[in-house]
Amino acid sequence: MRWPRDADAPAVMALAWATVVLPRVVQSLDVEKRRATLNDPAPVSALAQLVELACSGALLLACAVVLARRLGHLPVTGRRALVLLLAPWVYTVLRSLYLGQLPLQPSQLLYPAVVVALWATAPRLPTLAVLGWLHAGTVGVSLALGVLLPSKGIYQSLEGAVVDPEKALLPVGILIGPFTDGNNLGQVLALGLPAVAFLPRRDLRWAVGLLTLAALMWTSSRSALVAVVTGGVLWLVLRRGSPLGRQLLAGAVLSAGLLAVAALPLATTDPQAFTNRGQIWATSLAAWNANPLFGLGVDWYATSALYGEGPGAFAFHGHNQFVHLLVTVGLVGLVLVALLALAVIVSATHWAARGVQAPAAFVVVLLVTCLQEVSYGVVDRGFLLAVGIVPLAVIALTDPSPAGEGASGSRRTDGVLLQREAAAGQQADDQGDRDVEPGPGRRRGARQGSGGDGHRADAG
């Protein structure tokens with residue numbers, strides 16, 4: 001039985017979420033769950049690996065079916081965005097294969113498969129409501145594990161005791177949910193929150209938003225909390241003003257955020273700054289000098305720890321997007337990602353001019369999380385596939401200009417339809433609200449850590 005064409009994009013989104021969450025839930029329930037390092041990974045569940053393989057296969061098959069059924073009428077717009085989305089993956093994979101650093105596996109095909117399938121569906125912004133529902137599921141699963149099965153949902157030490165360091169904001173440990181670290185869960189929750197803005201009812205949006213904030217407090221992920229607050233403030237500010245004013249403001253804020261991602265590690269001189277991230281950045285940048293143009297490979301953080309080199313056994317990645325890209329894929333990879341970031345920023349500013357704040361809120365949350373974490377990856381941050389790559393691709397591929405509302409071919413980003421769909425969910429309970437987009441929502445995330453993510457560590 002064939003699903004309707006309108007269900008193509010939601011199906012891809014749902015399977016991307018399942019590929020990330022379901023194996024980790026099984027992993028959490030099936031084996032011991034404790035703090036892990038690159039040198040001492042947590043045990044791996046064979047059942048979880050089987051579930052991951054099944055979900056990944058289903059996602060790849062769905063993407064292939066979506067593309068096959070639309071071959072005769074592929075979109076005529078969005079091709080430049082598609083090239084920008086695929087370029088970092090193509091470069092990273094070819095570079096790694098050439099140097100023998102990355103044997104190509106099915107899981108590493110998820111990024112291009114999802115991006116191409118979404119492009120083929122000519123996605124519309126309100127489709128992100130699917131991610132809003134899935135985000136609610138992530139919040140529910142995480143809180144349930146923390147409350148009902150604390151040995152599985154709360155950060156545990158090697159000895160099985162609750163890890164309650166000084167960074168904990170609540171006296172009940174650090175919530176990790178189905179993931180392996182509070183920062184990982186914090187990233188997922190922060191990046192997923194903006195999609196809640198597209199849920200159909202105001203009370204539902206508020207309920208999911210408040211539960212998300214409670215879960216974020218429990219994760220004690222300060223970078224995620226700052227990202228959500230920043231996204232919320234920008235969302236509120238962009239509700240007022242002229243179209244040009246909103247566009248200029250969004251462009252200025254997002255551009256400043258992009259520059260800050262690069263400036264922070266370069267300006268940091270104290271090794272203990274930002275919870276010892278200063279040392280990770282200094283060590284990483286010093287190592288990068290060995291191959292500044294092409295970087296040291298996506299497996300550098302994993303392999304360097306094995307030989308007592310690099311920033312340490314707990315540094316699964318660069319803890320800053322700029323540093324991580326420089327070290328792993330060099331200046332070439334950094335430029336490709338920067339071009340994609342600029343394209344997404346331009347699209348988000350055009351949406352802001354039209355009174356739709358969620359894209360700009362998502363991008364600013366993404367950038368703020370990139371200050372001290374790594375929120376974008378094509379083969380090495382897989383746990384952010386649904387909340388990072390999917391919304392990023394949708395924002396890049398949708399055309400916010402009035403001219404794009406009736407584009408030729410099968411590509412149709414209908415601005416009028418966007419307004420009707422967004423307004424339909426709030427007409428009954430949001431009378432008088434002039435916003436095109438519903439509710440107070442905020443954010444969303446990319447692939448597994450090369451440093452032993454799998455189900456051992458989500459590259460924390």
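Residues numbered from 1 in each chain as written. Predicted model: local features only at pLDDT ≥ 70, side-chain atom pairs only at ≥ 80, totals over all residues. Heavy atoms only, no water.

How do you make sense of the overall build of the protein when you look at a structure like this?
Tallying secondary structure elements over the protein gives 16 helices and zero strands in all. Looking at the protein as a whole, 59% of its 460 residues are labelled buried. (Helix = DSSP H or I, 4+ residues; strand = E, 2+ residues; numbered from the N terminus. Buried < 20%, exposed > 50% of the residue type's maximum accessible area, 1.4 Å probe, protein only.)

Quick question: what am I supposed to make of the packing of aromatic side chains here?
Each aromatic ring pair is summarised here by two numbers: the centre-to-centre distance and the angle between the ring planes. The final tally for this structure, using the stated rule, is four aromatic pairs. Between Tyr 111 and Tyr 376, the ring centres sit 6.3 Å apart and the planes meet at 80 degrees, which makes this aromatic pair edge-to-face. Note that Tyr 111 is positioned in helix H4 (residues 110–120) and Tyr 376 in the loop between helix H14 (358–372) and helix H15 (385–397), a separation of 265 residues in sequence. The buried category is assigned to Tyr 111, whose relative accessible area is 2%. With relative accessibility at 7%, the residue Tyr 376 sits in the buried group. (Phe/Tyr/Trp six-rings, centres within 6.5 Å; stacked < 30°, edge-to-face > 60°.)

Please clarify how a nonpolar patch on the surface should be interpreted in this entry.
Taken together, the side chains of Leu 29, Val 147, Leu 148 and Leu 149 define a hydrophobic patch exposed on the protein surface, amounting to about 400 Å² of accessible area. Within the element layout of this structure, Leu 29 appears in helix H1 (residues 8–30). (Patch = residues over 30% accessible without salt bridge, like charges linked within 9 Å, V, L, I, M, F, W, Y side chains within 5 Å. Areas by Shrake-Rupley, 256 points an atom, 1.4 Å probe, with all protein chains shown as cover. Salt bridge = Lys/Arg side-chain N within 4 Å of Asp/Glu carboxyl O.)

It is not clear to me how the packing of helix H11 (residues 273–288) against helix H13 (residues 321–353) should be interpreted in this structure. Could you clarify?
Relative orientation and spacing of two packed helices are given, respectively, by the angle between their axes and the distance between those axes. It is at 9 Å that the axes of H11 and H13 come closest, and there the two elements cross at 15 degrees. The angle between H11 and H13 places the two elements in the roughly parallel class. The two elements H11 and H13 cross, and the hand of that crossing is left-handed. Counted together, Trp 281, Ser 284, Leu 285 and Trp 288 of H11 and Val 323, Leu 326, Val 327, Gly 330 and Leu 331 of H13 form the full contact between these two elements. Grouping the constituent residues of the contact of H11 with H13 by class yields seven nonpolar, two polar and no charged. (Axes fitted to C-alpha atoms, helices over the stretch in contact; angles between N-to-C directions. Parallel < 35°, antiparallel > 145°, perpendicular 65-115°, else oblique. Left-handed = near helix turned anticlockwise from the far one by under 90°. Contact = heavy atoms within 4.5 Å. Nonpolar A, V, L, I, M, F, W, Y, C, P; charged D, E, K, R; others polar.)

Whenever I open this one, the packing of helix H9 (residues 222–237) against H14 confuses me. Can you help?
One can describe the packing of H9 onto H14 by two numbers: an axis separation of 8 Å at closest approach and a directional angle of 155 degrees. Considering their axes alone, H9 and H14 lie roughly antiparallel with respect to each other. Between H9 and H14 the crossing geometry is right-handed. Touching Ser 223, Val 226, Ala 227, Val 228, Thr 230, Gly 231, Leu 234 and Trp 235 of H9 are Ala 358, Ala 360, Ala 361, Val 364, Val 365, Val 368, Thr 369 and Gln 372, all from H14. Of the residues that constitute the contact of H9 with H14, the class distribution is eleven nonpolar, five polar and no charged.

Honestly, the nonpolar core in this entry has me stumped. Any pointers?
Soluble, globular proteins show a tendency: their nonpolar side chains are buried together. One finds Tyr 111 and Leu 118 to be the most contacted residues of the largest nonpolar core, which totals 115 residues. For this core, the element with the most residues is H13, which contributes 14 residues. Excluding residues that lie within four positions of it along the chain, Leu 118 makes contacts with Ala 9, Val 12, Met 13, Pro 123, Val 390, Ala 393, Val 394 and Leu 397. (Core = buried A, V, L, I, M, F, W, Y, C linked by side-chain atoms within 4.5 Å.)

Help me understand the pattern of salt bridges in this model?
Pairing of side chains with opposite charge becomes possible as their charged atoms draw close. Taken as a whole and judged by the stated rule, the model has four salt bridges. Across the pair Asp 8 and Arg 69 runs a salt bridge whose closest N-O atoms are separated by 2.7 Å. In this pair, Asp 8 is assigned in helix H1 and Arg 69 in helix H2 (residues 46–69), connecting sequence segments 61 residues apart. Each member of the pair Asp 8 and Arg 69 is classed as buried. The structure contains a network of salt bridges with shared partners spanning Asp 8, Arg 69 and Arg 70.

Just checking my understanding: could you explain the environment of Ala 250 for this structure?
Looking at the secondary structure, you find Ala 250 in helix H10 (residues 243–267). Separated by 16 residues in sequence, Ala 250 and Leu 234 have C-alpha atoms that sit 7.9 Å apart. With near-sequence residues (within four places) excluded, Ala 250 lies in contact with Leu 238, Thr 349, Ala 352 and Ala 360.

Could you clarify how one ought to interpret the side chain of Asn 320 in this entry?
For Asn 320, the location among the structural elements is in the loop between helix H12 (300–306) and H13. Assessed through its relative accessible area of 0%, Asn 320 is described here as buried. A polar contact of 2.9 Å, which involves the side chain of Asn 320, links it to the backbone nitrogen of Phe 322. Excluding its chain neighbours within four sequence positions, the residues that come into contact with Asn 320 are Val 261, Pro 265, Trp 281, Cys 370, Leu 371, Gln 372, Glu 373 and Val 374. (Polar contact = N/O pair within 3.5 Å; in protein donor to acceptor, adjacent residues only side chain to side chain.)

Sorry if this is basic, but what is going on with H2 here?
Since the α-helix packs 3.6 residues into each turn, any two residues three or four apart lie on the same face. Helix length check: H2, at 24 residues, gives a terminal C-alpha distance of 35 Å against a target of 34 Å (1.5 Å per residue), a fit within 8%. On its buried face, H2 is in contact with H1, H4 and H15. Between a side-chain oxygen at the N-terminus of H2 and the backbone nitrogen of Leu 47 the separation is 3.3 Å; the capping residue is Ser 45. (Expected span 1.5 Å × (residues − 1).)

What should I look at first to understand the environment of Tyr 301 in this one?
Counting through the fold element by element, Tyr 301 comes out in helix H12. For Tyr 301, a relative accessible area of 0% translates into the label buried. The spatial distance from the C-alpha of Tyr 301 to the C-alpha of Phe 316 is 6.0 Å, given a sequence separation of 15 residues. A polar atom in the side chain of Tyr 301 sits 2.9 Å from the side chain of Ser 284.

I keep staring at H9 and nothing clicks. Help me out?
End to end, H9 covers 23 Å across 16 residues, agreeing with the expected 22 Å (1.5 Å per residue, within 8%). Buried residues of H9: Ser 223, Ala 224, Leu 225, Ala 227, Val 228, Gly 231, Gly 232, Leu 234 and Trp 235, and no others. Packing partners of the buried residues in H9 comprise helix H7 (182–192), helix H8 (202–219), H10 and H14.

How should I be thinking about unusual backbone geometry in this particular structure?
Phi is mostly negative for residues that are not glycine, and the peptide bonds are mostly trans. Non-glycine residue Ala 122 carries a positive phi angle of around 50 degrees. Mapped onto the elements of the fold, Ala 122 is located in the loop between H4 and helix H5 (129–148). Residue class for Ala 122 comes out buried when judged on its relative accessible area of 11%. Even without being a glycine, Asn 276 presents a positive backbone phi close to 65 degrees. Relative to the elements of secondary structure, Asn 276 occurs in helix H11. Here Asn 276 falls in the partly exposed class, since its relative accessible area comes to 39%.

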